[in-house]
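Residues per chain, in single letters:
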Amino acid sequence: SLRKDNKQFAVIGLGRFGRAVCTTLRGLGHEVLATDIDEAKVAQALTDQIANHAMQLDSTQSSALKEAGIFEFDTVIVAIGNYLEESIITTLNVKEAGVPHVVAKASSDIHVKLLKKVGADLVVFPENEAGCVLARSLTKPAILDRFDLDPENSIVEIIVPDEFDGKTISELQLRSRYGLNLLAVSYNDKFEINPNPNQRLYKGSAIVVIGTNKDINRLPNLSS
Ligand code: ADP
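Residues numbered from 1 in each chain as written. Predicted model: local features only at pLDDT ≥ 70, side-chain atom pairs only at ≥ 80, totals over all residues.

By the naming in an unreviewed UniProt entry, the protein chain goes by TrkA-N domain protein and is assigned to Crinalium epipsammum PCC 9333.

What follows is the structure, given as structure tokens:
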């Protein structure tokens, strides 16, 4: 293959989450082995071409995983969110066999804890994470003043968010992380234009930034 970054992944569990993982990995040109205990899900994965290979197996059986070659993979994704016992045993099986990167999907806080205990290298909790992203997108930073340049772009003065407290301007990486340019720092209605990047920001002050409204709304909001 001409692609040097082509990698191999094994996905265990072909529910909504596992299938989405397969589809995206395939779309990015990686090689995917998809497995499920349910023969119909395995057949569907092949029909939909969401994986290069698909196999029916019970992942709680270490011997079945070994036979399927799962332990040879560098990265295994355990996508069994709604079956706690199966998810834990499967994760334990692949970690015990020495698979270096095991990603597991959790569906509750205790599930997250258990997966970490049995050695999962990365635990994802999609329902929880999606809820946090939504809540953030519904709240906006505390805007003191704004100047609308056009319907899409503005200059805004906002209270320094908690997350920025005590950090230097350069540490914030406003340009690379948010696409915003910092124009000034203000304190008690006095503005310092073109502040030194080594200057620290504190909660009591404000910053003036220019950018698109979309980027401005991505700034962290005040929590208190
Ligand atoms: P989602 O929430 O992403 O839809 P589910 O947790 O409902 O995912 O689906 C998990 C998948 O894992 C199902 O397709 C199920 O058949 C499969 N599964 C459950 N137990 C095992 C097992 N022991 N071995 C392999 N696959 C399993």
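From this point on, the discussion continues.
**Q** Break down the site of the ligand for me, citing the residues and quoting the values.
**A** Around the ligand, a shell composed of 20 residues is seen, among which Gly13, Gly15, Arg16, Phe17 and Asn82 lie nearest. Broken down by element, the shell around the ligand gets its largest block of residues, three residues, from helix H1 (residues 16-27). Considering only residue class, the shell around the ligand consists of seven nonpolar, seven polar and six charged. (Near = placed C-beta within 6 Å. Helix = DSSP H or I, 4+ residues; strand = E, 2+ residues; numbered from the N terminus. Nonpolar A, V, L, I, M, F, W, Y, C, P; charged D, E, K, R; others polar.)

**Q** Describe the sheet that holds strand S2 (residues 31-36), naming the residues involved and giving the relevant values.
**A** The strand order S3-S2-S1-S4-S5-S6 describes an open sheet built from six strands, whose pairing is parallel. Here the strands that pair on one side only, and so sit at the sheet edges, are strand S3 (53-56) and strand S6 (122-124). On average, adjacent strands in this sheet sit at an angle of 15 degrees to one another, irrespective of strand direction. Sheet analysis places strand S1 (residues 8-12) next to strand S4 (residues 75-78), joined by four bridges and oriented parallel. (Pairing = 2+ DSSP bridges. Axes fitted to C-alpha atoms, helices over the stretch in contact; angles between N-to-C directions.)

**Q** Any chance you could break down the sheet that holds strand S8 (residues 153-159) for me, citing the residues and the numbers?
**A** The strand order across the open sheet formed by five strands is S7-S8-S11-S9-S10, and the pairing between neighbours is antiparallel. At either margin of the open sheet sits one strand with a lone partner, and together these are strand S7 (143-148) and strand S10 (190-193). Direction aside, neighbouring strands of the sheet carry axes that sit 25 degrees apart on average. Where strand S9 (residues 181-187) and S10 come together, four bridges link them in antiparallel fashion. Bridging across to S10, valine 185 finds its partner in glutamate 192.

**Q** So what about the pairing of strand S5 (residues 101-105)? Which residues, and what values?
**A** Two elements, S4 and S5, share four bridges in a ladder whose sense is parallel. The partner of isoleucine 77 across the bridge, within S5, is valine 103. Following the backbone out of S4, through helix H4 (residues 84-96) and into the adjacent parallel S5, one traces a crossover that is right-handed. Here three bridges tie S5 to S6, and the two strands are oriented parallel to one another. In the sheet register, valine 103 faces S6, and the bridge partner there is leucine 122. Regarding the hand of the β-α-β motif, the stretch spanning S5, helix H5 (residues 109-117) and S6 is right-handed. (Right-handed = clockwise from strand over helix to strand, strands pointing away.)

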